[in-house]
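Structural overview for review
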Amino acid sequence: MNEVNQSIAALVEYGVHKGLIEEADRVWARNQLLETLKLDGYTQPDTPPPTLPLDEILRPLLDDAVSRGVIEEGITSRDLLDTKLMGVLTPRPAAVIQQFQTRYASDKKSATDWYYQFSQDTDYIRRCRIAKDIKWVSPTLYGDLDITINLSKPEKDPRAIAAAKAAPQVGYPKCHLCYENEGYAGRVNHPARQNHRVIPITIDQNDWFLQYSPYVYYNEHCIVFNRRHIPMKIDRSAFRKLLDFIAQFPHYFVGSNADLPIVGGSILSHDHFQGGRYTFAMERAPVERAVSFPGFEDVEAGIVRWPMAVLRLRCAGSQRLVELADRVLTAWRGYTDADALIFAETGGEPHNTITPIARMRAGKFELDLVLRNNLTTPEHPLGLYHPHAELHHIKKENIGLIEVMGLAVLPARLKEELSALADALVDGRSLLGDPQLEKHAPWAEELKTRHTFTSDSAMAVLQTEVGHVFAQVLEHAGVYKRNEAGQAAFLRFLHSVQ
């Protein structure tokens, strides 16, 4: 019990130190924590609580709750309880909104700096888990690409999966993005959000909210979402909303996943964007060929040197970008070029859409329009403009907004697979018949023709080569290839824009 008392004292001290609660809240917060943990008594420790990382403060409390049968063992049950504990320390929404708006009125960057730190301090952004992600940078023909092996999202344990299947279906909140998640207790098939606070904003005269992703993939990875639970749609209003957000938060970029399956994101049912304060490789990529559009001589336009088909527009006035982007989108939605394997629709199913990204650069609005197409073929049933089968040993999942900009989010399995593959290459072992590594065999054989693998160099070589695979992934996702025929086809489309 001494360790539990120490952890409760440490958690209260953490809340005061981080500014989540006031000095006068100490006893109240302690009693709320006792109630949450189903404990009746408490003895003040003789010594001040040590300063520990938050996960080390929470772990003894969760272990004790398991031992007393308050919760079952398992990551899902632990997450539900630790979020409830942090909810005790998290200020009410009105106080958070007031703090943000007060800071925003004097300094926009100060407001987001504070809110980002606050979201980490409440453990909504789980810093200890994000630290487990494996990250590196790979130099490629398209610049330095960011590579991440995602280890921060926990795998559900079998008991949680079984419980979720048996649980009654509840339609509240409607999805993980809905603003009704704020303060929600969660359940076995929906995450707890007692420590979640969202900031109301107005975009294009509509009610939206700002929050951060609980598993940030890059600095200040934010989510901007519609108050209404309506499907994502790329249209003229989407461009207005993106540029309006940038006008309000000029130190951030913001983009949208495409609105069609295969080339879209994981949540198409709720209108939302993703943004943040980070410079991706695509933003650093230069315009390699200027183009122009009649009547839009005031808009700088050009094809970006990038593995996917990207048209970059720049102008001092956002409305001019909206007008031209809408014309490009309208033309692309209905565009077919059979010689380039671009079909606007087949069998009544639409295929063409756009992944847009907005930012401010040197005082001007900038909009990157990435042309997308979700056509499937017998040879490529997951998508013609999707990673092809020979790359699935590294990346099989959809290429969404984050990947489009140059950050690979790779599956957790690669942590163990790349380590085992490095050992096998150093030892000269065959991968055939190895259930974990056989999928990498053709790639490994090709690598051996270009590299000598030693215990000191093997992992570094593999990481560099994974970056090259990711560059190929983006090339596969590009609707116009980076050869003479592909670029000529790209120009044919641009010349069709009226």
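Structure shown above.
Residues numbered from 1 in each chain as written. Predicted model: local features only at pLDDT ≥ 70, side-chain atom pairs only at ≥ 80, totals over all residues. Heavy atoms only, no water.

Thoughts on the overall build of the chain
A tally of helices and strands in the chain yields 16 helices and 15 strands. Radius of gyration (C-alpha) of the chain: 25 Å, near the 23 Å computed for a compact globule of 498 residues. Based on the C-alpha atoms only, the size of the chain along its principal axes is roughly 75 × 60 × 45 Å. Counting the 498 residues in the chain, one finds 54% classified as buried. For the chain, restricting intrachain contacts to residue pairs at least 6 apart in sequence, the fraction spanning at least 24 positions comes to 64%. Of the accessible surface of the chain, which amounts to about 22000 Å², a share of 52% is contributed by carbon and sulfur atoms. Computing the positive centroid from 55 side-chain charges and the negative centroid from 63, the chain places the two 3 Å apart. (Helix = DSSP H or I, 4+ residues; strand = E, 2+ residues; numbered from the N terminus. Rg over C-alpha atoms; globule rule 2.2 N^0.38 Å. Buried < 20%, exposed > 50% of the residue type's maximum accessible area, 1.4 Å probe, protein only. Contact = heavy atoms within 4.5 Å. Areas by Shrake-Rupley, 256 points an atom, 1.4 Å probe, with all protein chains shown as cover. Lys, Arg positive; Asp, Glu negative; His and termini not counted. Charge placed at Lys NZ, Arg CZ, Asp CG, Glu CD.)

Structural notes on the sheet that holds strand S7 (residues 272–276)
What the ten strands build is an open sheet, ordered S3-S4-S5-S7-S6-S13-S14-S10-S9-S8; its pairing is antiparallel. Strand pairing shows two members of the sheet lacking a second neighbour, strand S3 (199–203) and strand S8 (287–291), which therefore form its edges. Averaged over all adjacent pairs, the angle separating strand axes in this sheet is 25 degrees, with direction ignored. With four bridges connecting them, strand S5 (residues 222–226) and S7 associate as antiparallel partners. Across the sheet, residue Val224 finds its bridge partner in S7, namely Phe273. This element, helix H6 (residues 108–121), spans S3 and strand S4 (206–212) of the sheet and lies at about 60 degrees to S4. (Pairing = 2+ DSSP bridges. Axes fitted to C-alpha atoms, helices over the stretch in contact; angles between N-to-C directions.)

Describing the packing of helix H13 (residues 413–427) against helix H15 (residues 458–477)
Between H13 and H15, the shortest axis-to-axis distance is 9 Å and the interhelical angle comes to 120 degrees. When the axis of H13 is compared with that of H15, the two are oblique. In this structure, the crossing between H13 and H15 has a hand that is right-handed. Contacts between H13 and H15 involve Leu418, Ser419, Leu421, Ala422, Leu425 and Val426 on the former and, on the latter, Ala458, Met459, Leu462 and Val466. Among the residues forming the contact of H13 with H15, the class breakdown is nine nonpolar, one polar and no charged. (Parallel < 35°, antiparallel > 145°, perpendicular 65-115°, else oblique. Left-handed = near helix turned anticlockwise from the far one by under 90°. Nonpolar A, V, L, I, M, F, W, Y, C, P; charged D, E, K, R; others polar.)

Overview of the pairing of strand S14 (residues 364–373)
Side-chain direction in a regular strand flips from residue to residue, so the side chains alternate between the two faces of the sheet. In terms of burial, S14 is largely enclosed, as nine of its ten residues are buried. Looking at chain direction, strand S10 (residues 310–315) and S14 are connected through six bridges and run antiparallel. Bridge pairing in S14 places Arg312 opposite Asp368. Remark: two residues form the turn of the hairpin made by strand S13 (residues 352–361) and S14, two consecutive strands paired antiparallel; Ala362 in that turn has positive phi of roughly 55 degrees.

Overview of the layout of surface pockets
When its volume is computed, the largest pocket comes out at roughly 1500 Å³. Taken together, 49 residues line the largest pocket, and the ones lying closest to its centre are Lys153, His176, Tyr215, Tyr217 and Ser266. Those elements giving two or more residues to the lining of the largest pocket turn out to be helix H4 (75–89), S7, helix H12 (401–404) and strand S15 (407–410). In terms of residues, the lining of the largest pocket owes the most to one element, H4, which gives five residues. In this structure, the second largest pocket spans a volume of roughly 720 Å³. (1 Å grid on protein atoms, 1.4 Å probe; cavity = no way out; pocket = protein on both sides within 12 Å on 5 of 7 lines; lining within 4 Å. Points joined across faces, edges and corners; volume = space filled by probe spheres on them.)

Side note on the packing of helix H3 (residues 54–67) against H4
Close contact between H3 and H4 brings their axes to 10 Å; oriented N to C, the two are set at 120 degrees. Comparing their axes, H4 and H3 come out oblique. The interaxial crossing formed by H3 with H4 has right-handed handedness. Contact with H3, carried on its side by Leu54, Leu58, Arg59, Leu61, Leu62, Asp63, Ala65 and Val66, involves Arg78, Leu81, Asp82, Leu85 and Met86 of H4 and no other residues of that element. Looking at the contact of H3 with H4 residue by residue, the class counts come to nine nonpolar, no polar and four charged.

Observations regarding the sheet that holds strand S1 (residues 134–140)
Backbone hydrogen bonds are what pair the strands of a sheet, in a parallel or an antiparallel way. In space, the three strands of this open sheet follow the order S1-S2-S15, with mixed pairing throughout. The two strands at the open ends of the sheet, each matched to only one other strand, are S1 and S15. If you compare each strand with its neighbour and ignore which way they point, the axes differ by 25 degrees on average. Summarising the sheet, strand S2 (residues 143–149) and S15 pair through four bridges and their orientation is parallel. For Ile149, the partnering residue across the bridge sits in S15 and is Leu410. Its contacts with the sheet put H13 on S1, S2 and S15, and the angle it makes with S2 is roughly 105 degrees. Of the strands in this sheet, S1, S2 and S15 are in contact with H15, which crosses S1 at around 70 degrees.

Here we look at H6
Relative to the 20 Å expected for 14 residues at 1.5 Å per residue, H6 spans 20 Å between its end C-alpha atoms, a close match to the ideal helical length. If you check which residues of H6 are buried, you get Ala111, Thr112, Trp114, Tyr115, Tyr116, Phe118, Ser119, Gln120 and Asp121. Backbone nitrogen of Lys109 and a side-chain oxygen of the N-cap are separated by 3.2 Å at the start of H6; the cap is Asp107. Once H6 finishes, Asp123 follows within two positions and takes phi at roughly 70 degrees, a positive value. (Expected span 1.5 Å × (residues − 1). Polar contact = N/O pair within 3.5 Å; in protein donor to acceptor, adjacent residues only side chain to side chain.)

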